[in-house]
Structures are given as C-alpha cells and as structure tokens.
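Examining the three-dimensional arrangement
Take a look at the letters that make up each chain.
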Amino acid sequence: MAHTIAVQNLTYHHVPAAEPSLNDISLHLPPGSRTILVGANGAGKSTLLQILAGKRLVNGADIRIKGRDVFRDSPPGVTFLGTEWAMNPVVRSDIKVSVFLDSVGGYRYKDRRDQLLDILDVDLDWRMHMISDGERRRVQLCMGLMAPWDVLLLDEVTVDLDVLVRDELLTFLQNDSITRGATILYATHIFDGLNTFPTHIAHMRFGSFVTEPTVWPSGFFNTVSTPPPGALYSTALQWLKEDRDYRRGLETAGRRARGARKGEVPTDSETFYKKYDYGH
C-alpha cells in the first residue's frame, strides 16, 4: 500500500555541533490515518511537523508526501497549522473577520467555510485586534481548514479552544478524514476527548521514536473496537512518566540536571539582587 507520508533516515540538527533534534526518524502513514504524536516538551514533535510542512530544509533524508519530495516537488493539499500564527502581528491588525477570510480566498470554499464558521462559533463581525487569543485561534482554524486538504499537520492548535468547540472540531476533522481519505498527524498534550479519534499513536523521546506509529487501539489492547474509556490519556501519561524516569537516569549518569540545584553557592545574580533588596 502506498503511504501518504513517508520519511526515511531523517536526522536534523538545529545547531550543527549540538546533539540532533531528530535522530534517524522513519515514518510511514497510510491514507486516511489519524496519528497522535505523544512526547514531552522538546521531544521533537514540532520540528518533525515543520520539516514535513517544508518549513525546515534538511539534507540526506528521503521525505515524501503523496509520493512527492516536500522540498523539491512540493505536494499540493498539505496544510500545516501551528501555535505561532496567533502571535503574528499581521493577524492582530484592525481588520474584520469577514474581510480577512475573503482576503485569503474564503469565497472559493463557501460551503466548508460556512460549516467551519458554525462549528468554531466565529462572528464575522469580530475585528482581529479586539478578540481574545482563543477567538483568534478559531479564525485561524477556519482559515486553514476551509480549503479541502489531503494531509493535515497540526501542532497543538486546540490549546486555546473551549471544550465544546474543541470536541466539535475534532468530530469535523475525523469525519473529513474518513469521508475523503485524508491523513492527519497531530501533536498534542491534551488527550481528553481523543480516545476514539486516532487510528494510530506514536511516542517520541529526545528526537527519536520510542514507539513508531502503531494501530490504535488494537496494537495496545486485545480488541479492535472501541478502546477503554481514558485509555489514550492513561497510555500517554505512562509514556511521559517513562520519559521522565529515563531522563533522570541520564542525569544521574552525568547529564545536566533539571530542577532545583541544592547546595550550590549563591550565583552572581542572587548576590547582586540580595544586596539591593529593600523589600526586607
């Protein structure tokens, strides 16, 4: 079976001399799959999604979406939505939502646009500089999803949404994936309400896959139907605990430790601010 997303031997360094941010990643996702990426902050999830979206150039790896090289033969129908959009000053300017959506071609996709406006509960008369981050996120999602997509790369874009809007959006995405055979790769830290959403789940740690995309839930339970309530949350929680224990083992062996540093002499900054602390 042809894979919609196919990655082979991907290694990526943010800084050439530093440890790799991604290390020998291989990834193969079939059409219509919905994969949840699980991993602690800094595991490499966002970097992987940005590379798949063609936002970071890499050498020496074969990275294809719909059979096409993401850098040299950019595939159509790929949508990437990340958290940085809502902080862009352009989308905080004094412009009405209806005008903003028309400016990015909303009139071409009226049926999907209107469906998303209802799901995301967006007011077309909102002005972008006057709304909250959560409302701005809803506009982003409407803008990004109104054109039909074949591959959707989501980087924690539901973090600002209330639980009702988030639930209805996930239902829309799941139905869209099933109906059109579209593929979703979704990195998130919010697992409530996701139990029946994914077809696959994967676990990343320090830039590598600990668990490559595995069919959910049959790859984890003796069933091919509905997973037990809260199973995805419990699985993610267990994985993250294992990640923390693994990291602490490395710290015991000499890796720079996180958290409080007990017994150290006062730092220069502590000495300076303590000297001029007039609050006591």
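To be clear, the structure that these remarks concern was listed above.
This report concerns the structure included in the present document. Each chain carries its own residue numbering, running from 1 in the written order of its sequence. Totals for whole chains, interfaces and linings use all residues, but because this is a predicted model, local features are given only for residues with pLDDT of at least 70 and pairs of side-chain atoms are given and counted only at 80 or more. The basis for the side-chain values is all heavy atoms of the structure; hydrogens and waters are excluded.

**Description of a nonpolar patch on the surface**
We apply this condition: To count toward a patch, a residue needs a relative accessible area over 30% and no salt bridge; like charges are then connected within 9 Å, while nonpolar side chains (Val, Leu, Ile, Met, Phe, Trp, Tyr) are connected within 5 Å. All accessibility values rest on the Shrake-Rupley procedure with a 1.4 Å probe; residue burial counts only the protein chains present in the view. Take a side-chain nitrogen of Lys or Arg and a carboxyl oxygen of Asp or Glu: if they are within 4 Å of each other, that pair is a salt bridge. A helix here means a DSSP run of H or I that spans at least four residues, while a strand means a run of E at least two residues long, and both kinds are numbered starting from the N terminus. Relative accessible area decides the class of each residue, using a 1.4 Å probe on protein chains only: under 20% of the type maximum gives buried, over 50% gives exposed, and in between gives partly exposed.
A surface patch of nonpolar side chains, about 560 Å² in accessible area, is lined by Phe272, Tyr273, Tyr276 and Tyr278. Turning to its location among the elements, Tyr276 is positioned in the segment after α7 (268–275). For Tyr276, a relative accessible area of 42% puts it in the partly exposed group.

**So, helix α3 (residues 110–119)**
Filter applied, for reference: Throughout, the arc means that of the directions going from the helix axis to the C-beta atoms. Between two residues, a contact is recorded if the distance between any of their heavy atoms is within 4.5 Å.
Taken residue by residue, α3 has Arg112, Arg113, Leu116, Leu117 and Ile119 as its buried positions. Angular distribution of buried residues about the axis of α3 spans 165°; they occupy a single face of the element. Those residues of α3 that are exposed and angled more than 90 degrees off the buried face are Asp111 and Asp118. Considering only its buried residues, α3 is in contact with α2 (97–103), α4 (133–145) and α5 (163–180). Asp121 sits one or two positions beyond α3 and adopts a positive phi of about 55°.

**A closer look at the sheet that holds strand β2 (residues 22–29)**
Put simply, the rule is: DSSP bridges decide pairing: two strands pair if at least two such bridges lie between them.
Taking strand neighbours across the sheet as the criterion, the four strands line up as β2-β1-β4-β5 in an open arrangement whose pairing is antiparallel. Two strands bound the open sheet, and with one partner strand each, they are β2 and β5 (68–69). Of the pairings in the sheet, the one linking strand β4 (residues 62–65) to β5 comprises two bridges and is antiparallel in character. In the strand pairing of β5, Arg64 is matched with Asp69.

**Some remarks on a positive patch on the surface**
To keep things clear, this is the line we draw: Working convention for charge: Lys and Arg count positive, Asp and Glu count negative, and His plus the chain ends are omitted. A charged residue contributes its charge at one atom only: NZ of Lys, CZ of Arg, CG of Asp or CD of Glu.
On the surface, Arg255, Arg256, Arg258 and Arg261 cluster together to form a positively charged patch. Relative to the elements of secondary structure, Arg256 occurs in the loop between α6 (231–252) and α7.

**With respect to the sheet that holds strand β3 (residues 34–38)**
Here is the rule: Inter-axis angles, ranging from 0 to 180 degrees, are taken between N-to-C directions of lines fitted to C-alpha atoms, where helices are fitted over the stretch in contact.
In space, the six strands of this open sheet follow the order β6-β7-β8-β3-β9-β10, with mixed pairing throughout. Lying at the two open borders of the sheet, with one neighbouring strand each, are β6 (78–81) and β10 (208–215). Recorded for the sheet is a direction-independent mean angle of 10° between the axes of neighbouring strands. Two elements, β3 and strand β9 (residues 200–205), share four bridges in a ladder whose sense is parallel. Counted as the bridge partner of Ile36 is Ile201 from β9. Sitting on the sheet, α6 is in contact with β3, β9 and β10, with an inclination near 15° to β9.

**What to know about the packing of aromatic side chains**
For any pair of aromatic rings, the description rests on two quantities: the centre-to-centre distance and the angle between the ring planes. As a reminder, the rule being used: Ring pairs shown here join Phe, Tyr and Trp side chains whose ring centres sit within 6.5 Å, with only the six-membered ring taken for Trp; geometry is labelled stacked below 30 degrees between planes, edge-to-face above 60, and tilted in between. The rule for a charge over a ring is simple: NZ of Lys or CZ of Arg within 6 Å of the ring centre, and within 35 degrees of the ring normal.
Per the stated rule, a full pass over the model turns up seven aromatic pairs. Each ring, one from Phe206 and one from Tyr246, has its centre 6.1 Å from the other, and the planes form 50°; the classification is tilted. Separated by 40 residues along the polypeptide, Phe206 in the loop between β9 and β10 and Tyr246 in helix α6 bring together distant segments of the chain. When its relative accessible area of 30% is taken as the criterion, Phe206 is described as partly exposed. Residue class for Tyr246 comes out partly exposed when judged on its relative accessible area of 40%. Connected via pairs of aromatic rings, a cluster forms that spans Trp216, Phe220, Phe221 and Trp239. Positioned above the aromatic ring of Phe197 is the side chain of Arg34, whose terminal nitrogen or guanidinium carbon lies 5.8 Å from the ring centre.

**Section: the nonpolar core**
Within soluble globular proteins, side chains that are nonpolar tend to cluster in buried spots. Rules: The definition of a nonpolar core used throughout is a set of buried Ala, Val, Leu, Ile, Met, Phe, Trp, Tyr and Cys residues joined through side-chain atoms within 4.5 Å.
In terms of nonpolar packing, the biggest core is built from 44 residues, with Val139, Leu145 and Leu173 touching the most fellow members. Considering every element that reaches this core, the biggest residue donor is α5, with five residues. Dropping the residues within four chain positions of it, Leu173 is found in contact with Leu145, Trp149, Leu152, Leu154, Ile184 and Phe197. In terms of nonpolar packing, the next biggest core, distinct from the first, is built from 27 residues, Ile51, Val58, Val70 and Val151 among them.

**Concerning the pattern of salt bridges**
Applying the stated criterion to the full structure yields 17 salt bridges. A salt bridge links Asp176 to Arg180, with the nearest nitrogen and oxygen atoms 3.0 Å apart. Taken as a pair, Asp176 and Arg180 lie in helix α5 at a separation of four residues, close to a single helical turn. Relative accessible area serves as the criterion here: at 8%, Asp176 is assigned to the buried category. Residue Arg180 is classed as partly exposed on the basis of its relative accessible area, which comes to 33%. Asp243 is paired through a salt bridge with Arg205; the nearest N and O atoms lie 2.7 Å apart. Of the two residues, Asp243 is situated in helix α6 and Arg205 in strand β9; the sequence distance between them amounts to 38 residues. Judged by its relative accessible area of 7%, Asp243 falls in the buried class. Residue class for Arg205 comes out buried when judged on its relative accessible area of 17%.

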